There are 2 protein chains.
Amino acid sequence: MATSSGPPTRHPAGATIYSVAERAGVSIASVSRVLQGSQAVSEKTRARVLQAAEELRYVPLAAARSLAVRHHEAHGLVLPELSGPYYSELLMGFESRAAELGQSVVLMLAQGKKDVPQAVRKLATRVDGIAMLGSSAIPDETVTALGGSKPVVLIAGDQTPAVDTVRAENTASAREVTAHVLGHGRTRLLFAGDPAAGPDIRDRYAGFVAAHDDAGLDAQPPVPVALREDEGTALADRLLKGDLDADALVCANDELALAVMVRLREGGLSVPDDVAVVGWDDVMTARYVVPGLTTVRQPVRELGARAADLLHERITGSAVPHSAQVIPTHLVIRSSCGCPPTTPTHPAPAARPRRTP
Amino acid sequence: MATSSGPPTRHPAGATIYSVAERAGVSIASVSRVLQGSQAVSEKTRARVLQAAEELRYVPLAAARSLAVRHHEAHGLVLPELSGPYYSELLMGFESRAAELGQSVVLMLAQGKKDVPQAVRKLATRVDGIAMLGSSAIPDETVTALGGSKPVVLIAGDQTPAVDTVRAENTASAREVTAHVLGHGRTRLLFAGDPAAGPDIRDRYAGFVAAHDDAGLDAQPPVPVALREDEGTALADRLLKGDLDADALVCANDELALAVMVRLREGGLSVPDDVAVVGWDDVMTARYVVPGLTTVRQPVRELGARAADLLHERITGSAVPHSAQVIPTHLVIRSSCGCPPTTPTHPAPAARPRRTP
DNA sequence: CTGTTAGCGCTTTCAT
DNA sequence: ATGAAAGCGCTAACAG
C-alpha cells in the first residue's frame, strides 16, 4: 500500500495514543482520560501518562479526534481576496479570537477559484462553521444551503434568515461625514460608489441621502464606480472634463478617494479648495497624503473577532435566535474635507509591526 | 453521549458514504471507487453512484478521509501577523497555489499567541506540512524538531539543514540601490535596519556594504532600528538633532522610509535635496507620497506560491535534496533618491480589487 | 466488476 | 479507577 497517492514521506509517523499507553503501561483509555482531563484517574496513572506523553511529544491526530468527537475544532473563513488593510485586519481579528477559543482557522480566498460553491462545500467538510464576507461572490442559495447544514455567519452582508450577521455601522457615519462636508458650505456633493455592490455601500449612500434630507437638500444619484484606484482616476477625469460637477466627493473607500485626489491635483484642481474629498477605511496612505484624507475608520479587527465569536456561539451554543450585530465606526477628520490642517506633525499610530521579516 | 462537549447543533448530519451507497443500491466500496475515480467500475454503477451522490450533495468528511489515507490535503502557514501588504501578498500567493494543488490552508498567526511552539505542534496535527516565515518567533529547535516529523519550508529564513527555503533576492538589489544612491553623488549613507533581525535585512546590509566596497568607500555600521513608523520618526529626529549624520538613508522597508521622509520634512530638511531616502517593498503609499519613494519591490506573491509548491513537492515527492530558492527582486526608481520626478502622472497599477465589501 | 472486511487514531460507553 | 470494545466515516486490500 501507500505506493501511489500516499505521501511516501521521509518523515516518521509520530506518537499515537497506543505508543503513549504502552510506554506508560496503561490502556489507551487511560491515556485518553488524562489527556481529556477526566476526573476519574488516579494520580499515579495521570503522572505516568503525562510523562510518557511528554517524552513522546505526543499530540493527538486532529483527524482521528475529529472523527471520534464529530467536530473539527476549526473555523472556516471565506474572503474575496486580501489586498488592502481591510481584509487583513479582519483576518487578524478573526484568527486571534478563534485561537483564543481553541479553534484553528482554515482560510479560503474566493478570488481566482473557478468553482467557488464547490470550494466552499469542500471547506465545510473540515470545519465546524464558516464565516464569510457578504460579497464573497457566493451565490445566495449556496449560503443558505450551507447555513442549513453548518453554522454560517455573514460579515458585512445582508441580514439573511437562518444566518448570523456582523457588520460595521454605515448609515450613521455616512450621514455624519456628509453633514460635516455640508457644514463646510459645500452644496454639490457626489457619492462615489455603487450601492448595488453590497449592503455596506448601499447603507453609506443611504446616510449620504439622509444628511441631505436633514439639510433640506436633494442628494444626487450615486456615481457607481468600483472601489479601485483606476476608477478613482477615471472619476477625477470626468470631473476635470466637466462631465461631472461637484464641489465635494464622498467616496466609498480610501483607495478611490486617494486616486481622485491625486488626479484632481494633477489636473490643476485643488483639494479641498476646489473640491473636498472624503473616504472610508483610514488606510495608511490617508495619513501620508497631503492634505490628509478625512475618512471613516471601521473597527475591522473587532468585526473579525465578533465573527469568530458568533460562529463559536452558534456552534457550541443552543438555538439562540440569529443575531445581526452592528459595530460602531469612527470619523477621522483631517483636511481633505476643508478643515484646516491639524498639528504640524504626523501622528504615527502606536507601534505597528514590521512588514518584512 | 454528545451531551457535554459535542456541538448540540441544530444542523443536520449530512450524507455519508453509507447513505449514498444505500441510495445507489451498491456497497460503500463502489461508492468510494467511483468517487476516487477508480477504473474498475461499470458504467452503470458509476452513473447510479454519481446520481445518488449528487442528490445527497455528498462530500466526504475530511477527517474520515484523512484518517484513512493518512494525510490531510492541507498546508499549514505560519505568519507573524498581517499588517502591511507583505504578509497579505504572501498569503494570497500561498493560498492560490495551494488551492490549485487541491490543498486547504490552515493559517496561524504567531503574534499574540502565548505558546507558539505548542500552537505550531497542534497545527502540525492537521496538515501535511508547514510553511513559515523565517522570523515567526519560532525557536530554531522547534523548527528543526518539526522538520523531523513533517515537511517544513522556511520563507525568507536562513538555510537550515533538513528544511527547504524560499527567499527574495536581497544582496544584489541592495547593492544596486546603494550604488544608485552613491551615483547621485551622496557619500554619507546610512543603513536603517537591524541585520540581526533576520536574513533578509542581514543580506540587504551586506549589499549596502558591497556597493560601498565597489566604490572604494567604507560603509557605516547599520543603524539597528525596527521596521516601524515610530522608529522611522525617531530616526529622523536623531538626524535633525545632529546625533546622526547622513545625506542618504537606505531603509530596510518602506514604512521606515516613509516615516523618515515625513519627519525630515517637518523638521525643515528636504528629501531628496538634503537627504535622499530609499526603502523596500513598494507599498501603496510609496506611490502617493511626494517625492515618490524609490524602493525595491519583492515578488512576494510569487514567494508565497513557491512556498506552497515546495511544500507540496516535499510532501508528495520522494527524497529530493533540500533546496534554497531565491526569487529576483526589482528596483523601482522614483524621486526620493534624487532622480527627477517621473511623468507628471501617478501610475496606478493594474486593477487592484476593492477593499470594502 | 463488486462486496466484505480490516483498519486509520481517538473517544466513550460498559463492565469489572 | 481502569481496561475492553464499539464505533466515527472512509479507503484499500482481499476474495469472489
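Everything numeric here is computed off the predicted structure, so don't read it as measured data. (Residues numbered from 1 in each chain as written. Chains lettered and ligands numbered in written order. Predicted model: local features only at pLDDT ≥ 70, side-chain atom pairs only at ≥ 80, totals over all residues. Heavy atoms only, no water.)

## Notes on helix 2 (residues 28–36) of chain B
Residue and element names in this part refer to chain B. Listed as buried for helix 2 are S30, V31 and V34. An end-on view of helix 2 places all buried positions within 100° of arc, on one side of the element. Elements that come into contact with the buried residues of helix 2 comprise helix 1 (17–24) and helix 3 (43–56). (Buried < 20%, exposed > 50% of the residue type's maximum accessible area, 1.4 Å probe, protein only. Helix = DSSP H or I, 4+ residues; strand = E, 2+ residues; numbered from the N terminus. Arc of directions from axis to C-beta. Contact = heavy atoms within 4.5 Å.)

## Topic: the packing of helix 8 (residues 171–183) of chain A against helix 9 (residues 199–214) of chain A
All names here are of chain A. Following both chains from N to C, one finds helix 8 and helix 9 inclined at 45°, their axes separated by 7 Å at the closest point. Between helix 8 and helix 9, the angle falls in the class oblique. Crossing hand, helix 8 versus helix 9: right-handed. Here T171, A174, R175, T178, A179 and L182 of helix 8 lie close against helix 9, whose contacting residues are D203, R204, A206, G207, F208, A210, A211, H212 and D214. (Axes fitted to C-alpha atoms, helices over the stretch in contact; angles between N-to-C directions. Parallel < 35°, antiparallel > 145°, perpendicular 65-115°, else oblique. Left-handed = near helix turned anticlockwise from the far one by under 90°.)

## A look at a nonpolar patch on the surface
On the surface, a cluster of nonpolar side chains totalling about 280 Å² of accessible area is made up of L61 and L67 of chain A together with L61 and L67 of chain B. In this structure, L61 of chain B sits in the loop between helix 3 and helix 4 (62–69). Note on L61 of chain B: relative accessible area 37%, which makes it partly exposed. (Patch = residues over 30% accessible without salt bridge, like charges linked within 9 Å, V, L, I, M, F, W, Y side chains within 5 Å. Areas by Shrake-Rupley, 256 points an atom, 1.4 Å probe, with all protein chains shown as cover. Salt bridge = Lys/Arg side-chain N within 4 Å of Asp/Glu carboxyl O.)

## Details of the pattern of salt bridges
Taken as a whole and assessed by the stated rule, the structure comprises 44 salt bridges over all chains. A salt bridge links D200 of chain B to R204 of chain B, with the shortest nitrogen-to-oxygen separation between them at 3.8 Å. A residue pair is termed a helical-turn pair when its members lie 3 or 4 positions apart in one helix, as D200 of chain B and R204 of chain B do in helix 9 (residues 199–214) at four residues. Each member of the pair, D200 of chain B as well as R204 of chain B, carries the same accessibility label: buried. Each of R97, E100, R306 and D309 of chain A takes part in salt bridges that share partners, so that together they form one network.

## Structural notes on the nonpolar core
Of all hydrophobic cores here, the largest spans 54 residues; its most connected members are L79, L91 and I155 of chain A together with L79, L91 and I155 of chain B. If we skip the residues at most four places from it in the chain, I155 of chain A touches L77, L90, A131, M132, L133, G134, V166, L303 and A307 of chain A. (Core = buried A, V, L, I, M, F, W, Y, C linked by side-chain atoms within 4.5 Å.)

## Focus: the protein's contact with DNA strand C
Near DNA strand C, the surroundings consist of 28 residues, among which I17, Q36 and Y58 of chain A together with R33 and R70 of chain B are the closest. Of what DNA strand C places within 4 Å of the protein, 62% of the atoms are sugar or phosphate. Between a base nitrogen of DNA strand C and a side-chain N or O atom of Y18 of chain A, the distance comes to 3.3 Å. Here a phosphate oxygen of DNA strand C sits 2.8 Å away from a polar atom, N or O, in the main chain of S42 of chain B. At the level of secondary structure, the elements contributing two or more residues to the surface near DNA strand C comprise helix 1 (17–24), helix 2 (28–36) and helix 4 (62–69) of chain A together with helix 2 and helix 4 of chain B. (Near = heavy atom within 4 Å. Polar contact = N/O pair within 3.5 Å; in protein donor to acceptor, adjacent residues only side chain to side chain.)

Everything listed is a geometric property; what it means functionally is a separate question.
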